[in-house]
Protein chains: 2
Amino acid sequence: MDSRQLTAAILAKRSFLCVGLDTDIRKTPACLTGADDPQFEFNKAIIDATAPYTVCYKPNLAFYEENGAAGWASFEKTCRYIRERHPGMFIIADAKRGDIGNTSGMYARAFFDGGLVDAVTLSPYMGKDTVEPFLGYPGRWAVLLALTSNPSAEDFETLRLEDGRMLYEAVLATASGWGTADNTMFVVGATQARMLEQVRRIVPDHFLLVPGVGAQGGSLEEVARYGMNGGCGLLVNSSRGIIYADKSDEFAAVAALKSREIQQEMDGLLDRYLK
Amino acid sequence: MDSRQLTAAILAKRSFLCVGLDTDIRKTPACLTGADDPQFEFNKAIIDATAPYTVCYKPNLAFYEENGAAGWASFEKTCRYIRERHPGMFIIADAKRGDIGNTSGMYARAFFDGGLVDAVTLSPYMGKDTVEPFLGYPGRWAVLLALTSNPSAEDFETLRLEDGRMLYEAVLATASGWGTADNTMFVVGATQARMLEQVRRIVPDHFLLVPGVGAQGGSLEEVARYGMNGGCGLLVNSSRGIIYADKSDEFAAVAALKSREIQQEMDGLLDRYLK
């Protein structure tokens, strides 16, 4: 899926929501505890309930790898289920991988061969060698960490370089030259929404994946105001605020309501801020 | 395993070799192609052949994840095999993970619960939140990328900060304060062996994991000269130079010879440079 197709999906659904499938088996609702693969069953229910209101799903690999090989199977089944039942949905493997050359090529194959996902999150620390192998797959994306929403983002990401830029600004400027706005996105945290203005000066055309709205406290309105571009250019993630909004057997119905609320707010923000 | 125990293992075996299990199923020798799990069978043969000459194994997760759930199972079986047949061996999961808080805790559990591995490689980009969950397991280690051996390490790792340090020096100085020399190591590439002098000024006591000796061209003698400290403080990795030294059915015997050659060089270097 290229950026034009992703924008078309956003405008058709009036939503730039990404639902984070951070599915914790310790939080399995009672009605699913007897299932063969409760993680997958939970995801299926969440996906079917939220699909009308979202354009993207983002399983975080940590929540699957915790269960070893069985968890990896749940991740794969989840991706295939989305492909079969909800074609046209964008899938991001939130893996935050970051290896080099030969090895990075292995990761690219692991995620992109067979069409499992559309995009993979990557750490930029080791430079271009990490990212390049992911850029050779038409319609697939590398999603690079730039400015994250966690407290210790200040440890390194906002360090001031001798040329006056912060490290994350150098990451945006350098890494945006490795690929194009059709195969590279950047993670920019919503807790620092004002910094989206500066981000947009450096990468006006790239899609941004914005975590940290909802449970982590960022404002969706500010993200849209400072971050939206002519093709929307935003995917805003919510995980716990949707999938664990209700912990009873009504979890899927409540997830549908929560994602619909966000979609309705996004509908208005698209009217207001789409350039 | 704490640093005292790791040093004891190194001095007992007169080796600070780490064998990288970057096991590529496309390179399976003919004699194993019919096996149920050729990746695991290859590893077993390599491990039994090289165990007398090494103190550490480092499976790189990319090579296992490429095969999805089946590959993850091969990784787990490999770790358990080392635990059972070669107790006292240090195992590093070369995963280069880097998530935050809650999610990073999931990764820590994935690798450390059940004692699967002793250490996990991590990317420092997102700061302390990434590393902290790994530091709460007695005898387990976080291995942080600092200065890597790939060409594009220059993209960000050696960027000059406004205080005159390079980024990797800030990573060493800051991250060494999060834990101790008993639960934190740093990855420092051997292609830049002279820079080990500067690394040792910042982290005199920490173990360093040094990739890039052998196939990638670094000099073992220089690594020992500039990097060794009073407890050795080095684990030097070789992957392809050992496991793919021979591609015929004699691969394990040749791997034994190659690792023995390195061990013998290390024996001499310990005499010469152990402070």
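For the structure, check the block above.
All figures in this text were calculated on a predicted structure; none of them were measured in a lab. (Residues numbered from 1 in each chain as written. Chains lettered and ligands numbered in written order. Predicted model: local features only at pLDDT ≥ 70, side-chain atom pairs only at ≥ 80, totals over all residues. Heavy atoms only, no water.)

Caption draft 1: Looking closely at the sheet that holds strand 8 (residues 234–238) of chain A. Residue and element names in this part refer to chain A. Strand order in this closed barrel of 8 strands is 1-2-3-4-5-6-7-8, and the pairing throughout is parallel. Here the strands of the sheet are splayed against their neighbours by 30 degrees on average, with no regard to which way each runs. In the sheet, strand 4 (residues 119–122) pairs with strand 5 (residues 141–147) via 4 bridges, with the strands oriented parallel. Within strand 5, the position partnered with Val120 by the bridge is Ala142. (Pairing = 2+ DSSP bridges. Helix = DSSP H or I, 4+ residues; strand = E, 2+ residues; numbered from the N terminus. Axes fitted to C-alpha atoms, helices over the stretch in contact; angles between N-to-C directions.)

Caption draft 2: The arrangement of the relation of the copies chain B and chain A in detail. The operation relating chain B to chain A is a screw motion whose rotation component is 180 degrees, with 0.0 Å of axial translation and a residual RMSD of 0.0 Å. In short, the pair behaves as if placed about a two-fold rotation axis. Most of the interface of chain B is mirrored in chain A, where 100% of its interface residues are also at the interface. (Least-squares fit on C-alpha atoms with pLDDT ≥ 70 in both. Contact = heavy atoms within 4.5 Å.)

Caption draft 3: View of the sheet that holds strand 6 (residues 184–188) of chain B. Residue and element names in this part refer to chain B. As summarised here, the arrangement of the 8 strands in space is 1-2-3-4-5-6-7-8, forming a closed barrel in which the pairing is parallel. The average angle at which neighbouring strand axes cross in this sheet is 30 degrees, direction not considered. Where strand 6 meets strand 7 (residues 207–210), 3 bridges bridge the pair, whose relative direction is parallel. Counterpart to Val187 in the pairing with strand 7 is Leu209.

Caption draft 4: Inspection of the environment of Leu144(B) at higher detail. Residues and elements named next belong to chain B. Tracing the backbone shows Leu144 in strand 5 (residues 141–147). Expressed as a C-alpha distance, the spacing of Leu144 and Ala190, which sit 46 residues apart in the sequence, is 15 Å. Not counting chain neighbours up to four residues away, the residues in contact with Leu144 comprise Leu122, Ser123, Pro124, Val131, Ala175, Trp178, Met185, Phe186 and Val187.

Caption draft 5: Broad picture of the pairing of strand 3 (residues 90–97) of chain B. Residue and element names in this part refer to chain B. With 8 of its 8 residues buried, strand 3 lies for the most part within the structure. With burial as the criterion, each face of strand 3 is covered, one bearing Phe90, Ile92, Asp94 and Lys96 and the other bearing Ile91, Ala93, Ala95 and Arg97. Where strand 2 (residues 56–59) and strand 3 come together, 2 bridges link them in parallel fashion. Looking across to strand 3, one finds that Cys56 is bridged to Phe90. Here strand 3 runs beside strand 4 (residues 119–122); their pairing, made up of 3 bridges, is parallel. Its bridge partner being in strand 4, Arg97 is matched across the sheet by Leu122. With respect to chirality, the unit in which strand 3 leads through helix 5 (residues 101–112) into the neighbouring parallel strand 4 is right-handed. (Buried < 20%, exposed > 50% of the residue type's maximum accessible area, 1.4 Å probe, protein only. Right-handed = clockwise from strand over helix to strand, strands pointing away.)

Caption draft 6: Representation of the packing of helix 2 (residues 38–50) of chain B against helix 4 (residues 68–85) of chain B within the structure. All names here are of chain B. Here helix 2 crosses helix 4 at 25 degrees, and the two axes come no closer than 9 Å. Comparing the axis directions of helix 2 and helix 4 gives the class roughly parallel. Two packed elements cross with a definite hand, and for helix 2 against helix 4 that hand is right-handed. Only Gly71, Ser74, Lys77, Thr78, Tyr81 and Ile82 of helix 4 make contact with helix 2, whose side of the interface consists of Gln39, Phe40, Asn43, Lys44, Ile47 and Asp48. Counted by class, the contact of helix 2 with helix 4 contains 4 nonpolar, 5 polar and 3 charged residues. (Parallel < 35°, antiparallel > 145°, perpendicular 65-115°, else oblique. Left-handed = near helix turned anticlockwise from the far one by under 90°. Nonpolar A, V, L, I, M, F, W, Y, C, P; charged D, E, K, R; others polar.)

Caption draft 7: Focus on the interface of chain B and chain A. Contacts between the two partners involve 54 residues from chain B and, on the opposite side, 54 residues from chain A. Together, the buried faces of chain B and chain A total about 4700 Å²; carbon and sulfur atoms form 62% of this surface. On the chain B side of the interface with chain A, the three residues burying the most area are Met106(B), Tyr125(B) and Phe156(B), jointly 19% of the side's total. For the pair chain B and chain A, the interface holds 6 salt bridges. The tally of links between chain B and chain A comes to 27 residue pairs in polar contact (both at pLDDT 80 or more). If you list the elements that add at least two residues to the side of chain B that touches chain A, you get helix 3 (62–65), helix 4, strand 3, helix 5, helix 6 (128–131), strand 5, helix 7 (153–156) and helix 8 (167–175) of chain B. With 7 residues, helix 5 of chain B is the largest single contributor of residues to the side of chain B that touches chain A. When grouped by side-chain class, the residues that make up the side of chain B that touches chain A number 27 nonpolar, 11 polar and 16 charged. (Buried area = accessible area lost by both parts, 1.4 Å probe. Salt bridge = Lys/Arg side-chain N within 4 Å of Asp/Glu carboxyl O. Polar contact = N/O pair within 3.5 Å; in protein donor to acceptor, adjacent residues only side chain to side chain.)

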